[in-house]
Each structure stands twice: as structure tokens, then as C-alpha cells.
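Fold and contact review
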Amino acid sequence: MKTQASILVIDDEPDNFDVIETLLHGADYQLHYAPSGQRAIQSLPSFQPDVILLDVMMPDLDGIQVCQQIKANPQWQAVPIIMITALTAKEDLARCLAAGADDFISKPVNGLELRARVHSMLRIKQQYDSVQTLLQLREDMVNMLVHDLRNPLASILISTHILKLPGFPIDKQPEKIEHIAIAAAQMETMIDSLLIMAKLESGKLMFNYTEVDLCALCSSALSNAEAIAAQKHLNLIGDLPEPGGMIQVDATILRRVLDNLLSNAIKFSPSHSQVRLRAEYLPTGDAQIHIADSGPGVRADLQQQIFEKYEVGTLIQNVSQIGLGLAFCKMAIDAHQGTITVTDNHPQGTIFTVVLRHQPALRVDSHLTTHSSLYSQSN
């Protein structure tokens, strides 16, 4: 990633480049020089300019022709071009703009005007780059979602096809039906999480705070994860408080957080290992939940990054990772005014810790007002 804006000066007179360099002295720009239009066009891939300062009056290819050729190339047509010209007639300036120029500066060049126009064009280029990054991110996200939805859908279709085969043993049917149910639940969880995240980000999600038995909620989440864990021969362990201890939360949202964290732990745990869910009440009245696995762990430099939407940390072969599960958990726990963190599970694995603050004054059906902090922080 570039740390400096790259500016390409195209001018057949080296002295003019020296003038530009002097006028831009002190600005954090990386300046490149091309003595002709042809040389500039050939060198664009190595220069990677963010702005081009282009002289109009040059031999061979003049500035108008160079501008037209650059703007005709889809790879470079978004790079702003500022024409530097001694021409003052409106017709000449119109020709520059018609050729694709984004701005122009009259000679002799004024330093204040040059810096202002370069800064303006850089701002436009940065906005364009941001939009392209967002579009690429959206395209990647859609591709990952399609891939992740296709896996459970394929499981449903295959199991359904097998059930329809003539002579398929009746005693094997419950197993295939269970596969269908698990795959359907995975798809439902993914789609519901996306819908809830969209509402969280728009501030339109109504939270229904109620008194919930922490032990019962965690037991239900463990029970729901047993079938998926069994497919990998994992041992699910619950270390829970006595029944009857209550917390005030949106039970549906918190349950989905637990489902996501357990699913995440199961996904990354090796076969024949264990996943442990431990819940407890702290002396402060807060509730604390740990979900520990024996997977590959999360590098220290990624332990905050993985809570950012579409960030997946270290990619693992044959493991579905779309970077949404932990983002949803982070947003949901933030909305509850709690915290979620990740630490190492020695000697191997990861521990996700959720702390839910004791909030006796929370109102039922209170409306969530989201802020950028709620979604700047994913599996």
C-alpha cells in the first residue's frame, strides 16, 4: 500500500520539472518525471500515478494526444490529469477538457494554485479509490456468501437425493434427515445474522430486554451445537452456574451470539478435541462467558482485527470463513454495553470471553441507537 501520493510530471523541458518540484517542496508527494508523452505512457505501470501534471506543448505527442491515450485506457482513466498550458484562448482550454483533462493551470505556474489544484485532484482520486475498494469488498463478500451458502445447500440436496433412492434403508433415513436439518439451520443462522447486522448498522433494531436464566440459555446453546460437534467427534463441555441466576438481555440476540461463538469454535477445532463453554457470575454482578477451543489460535496482531467485518485473520484450507460471525458478535455485545475479547488457550487454541454488565435499569423494548463504533469492529 502506498504511503505517499504519486505525482507524474510529463514535460519535454527538464527545467519545468525542477520548477514543479520546487513549488511542491515540503508536500508529502512522490514525484516522477517523464520527458515525453510516449515515455510517460510506457512507464505508467511503474509510476502508478495518483495525479498527472501534463504539459500541452510538446513535440511528437502533444499534451492533448497524451491525455486522450491515457484516458482511453480503462486502467488509467480514473487518474486525474491537470494540463499545464501557456494557452489562454477558451477554445484551447475547451480542447483540453474535451480530451479528458480534469483541470488545468496556466503558465507561469503559481505555487499556491498548484498545491491547491493538486490537493483537490488527489482528494477526488482518493474518493474514487475508496469507492473501488468498497465495490471490490462487496463483490468479494457476495462471492464468499454464495460459497458458504452453497455448502449447506449442497448437503441438503445430496441428502434429499439419497432419501429418494429406491431401496434406501429405512433405518438410515433419520441420519440423512438430521443432515438436512443441520444444513438448513446453518443457512438460517447465516441469513439471520446478516439481517440483524443490517438492522444494527441502520439503528433500526428493537432490543427486547428480559430477565433470562444464564444457565438455561447456555445449556440450550450447547444442546443446539451437539449435532454439529458430533460430526467432528468433538466433546462439548458445559461448566455452568446453578440455575436461577438471571441476567437482563435480549435473549434472542444473545443466543445467536452464543451459537456463532460455538459454531466458530467447532469449525476451527480438530476432530476428537473438545470445546468448553464456561459461564459465571462475577462479584460485581456482571456475567462472564468463556468459549474455549483447541484450534490453531489467533495471532496476537490479529486478535482485534478479526472483529472487523469481512476480516478473517489467517485463512485455513477447507474451512469456510466469510468474516461476519465475529463482527455480528462484536456489534451485538457492544449494543448490550458489554465486551468481547479473544485470548490464547494454552497450550493451543482460542478463548473468546464475553462480559455482560449488570444493568438493572434497562427497559424492555428499548430502541438501539447505533454509532460508528458499533460496526467498526468478525470471523
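Conventions adopted
Every chain begins its residue count from 1, and numbering advances along the sequence as written. Note on the predicted model: pLDDT of at least 70 is required for a residue's local features to be given, and 80 or more for side-chain atom pairs to be given and counted; whole-chain, interface and lining totals, by contrast, use all residues. Hydrogens and water are ignored here; the side-chain numbers use all heavy atoms of the structure. Segments assigned H or I by DSSP are reported as helices when at least four residues long, segments assigned E as strands when at least two residues long, and all are numbered from the N terminus. Buried residues are those whose accessible area, probed at 1.4 Å on protein chains only, stays under 20% of the maximum for their type, while exposed residues exceed 50% and partly exposed ones sit between those limits. Only the protein chains shown count as cover for residues, with accessible areas throughout obtained via the Shrake-Rupley method and a probe of 1.4 Å. At least two bridges found by DSSP between two strands are what make those strands a pair. Note on definitions: angles span 0 to 180 degrees between N-to-C directions of axes, and those axes are lines fitted to C-alpha atoms, for helices only across the stretch in contact. Contacts: residue pairs with any heavy atoms within 4.5 Å of one another. A residue's pLDDT is simply how confident the predictor is in it, with values from 0 to 100. What makes a salt bridge here is a side-chain nitrogen of Lys or Arg within 4 Å of a carboxyl oxygen of Asp or Glu, nothing more.

**Some words on the overall build of the chain**
- A tally of regular secondary structure across the chain gives nine helices and 12 strands.
- Within the chain, the fraction of its 379 residues that count as buried is 43%.
- Per element, the accessible surface of the chain, about 19900 Å² overall, is 54% carbon and sulfur.

**Details of the sheet that holds strand β5 (residues 103-106)**
- Spatially, five strands are ordered β2-β1-β3-β4-β5 in an open sheet, and the strand pairing comes out parallel. Edge positions in the sheet fall to β2 (29-34) and β5, since each has one partner strand and no second. Between one strand axis and the next, the sheet turns by 20° as a mean value, whatever way the strands run.
- Set on the sheet, helix α1 (residues 14-23) makes contact with β1 (5-10), β2, β3 (51-55) and β4 (81-85); between it and β2 the angle comes to about 170°.
- Against the sheet, helix α2 (residues 37-47) engages β1, β2 and β3, with an angle of about 165° to β1.

**A short note on unusual backbone geometry**
- Following K107, the chain continues to P108 via a peptide bond in cis, the omega torsion being -5°.
- Residue placement: P108 occurs in the loop between β5 and α5 (111-164).
- Cis geometry marks the peptide bond from H346 to P347; its omega dihedral reads 5°.
- The backbone of Q48 sits at a positive phi, close to 45°, despite the residue not being glycine.
- Topologically, Q48 is positioned in the loop between α2 and β3.
- Although it is not a glycine, Q337 sits at a positive phi angle of roughly 65°.
- Along the polypeptide, Q337 turns up in the loop between α9 (325-335) and β11 (339-344).

**Describing the confidence of the model for the chain**
- Across the chain, the average pLDDT comes to 83, with 84% of residues at 70 or higher.
- Predicted confidence is poor over residues 311-323, with pLDDT under 50, and the contacts of this stretch with residues over four places away or in other chains come to 36 contacts.
- Long-range and interchain partners of residues 361-379, a stretch whose pLDDT sits below 50, account for 65 contacts in this model, where long-range means more than four residues apart.

**Examining the pattern of salt bridges**
- By the definition in use, this model includes 11 salt bridges.
- Among the salt bridges present, the one from R117 reaches E113, with a minimum N-O distance of 2.8 Å. In this pair, R117 and E113 are both assigned in helix α5, four residues apart and thus about one turn of the helix distant.
- R357 is the partner of D286 in a salt bridge, and the nearest nitrogen-oxygen pair spans 3.3 Å. Pair noted here: D286 is in the loop between β9 (274-281) and β10 (287-292) and R357 is in the segment after β12 (350-356), with a separation of 71 residues, a long-range link.

**What to know about the sheet that holds strand β7 (residues 235-239)**
- An order of β7-β9-β10-β12-β11 is seen for the five strands of this open sheet, with the pairing classed as mixed. A strand with exactly one partner marks an edge of an open sheet, and here the two such strands are β7 and β11. Across the sheet, the axes of successive neighbouring strands diverge by a mean angle of 15°, strand direction being ignored.
- Judged from the six bridges that link them, β10 and β12 form a sheet pairing that is antiparallel. Bridge pairing links I289 to V354 in β12.

**Let's talk about the pairing of strand β8 (residues 246-250)**
- For β8, the buried fraction is high: four of the five residues fall into the buried class.
- Bridge count between strand β6 (residues 209-213) and β8: five bridges; the pairing is antiparallel. In the strand pairing of β8, D213 is matched with M246.

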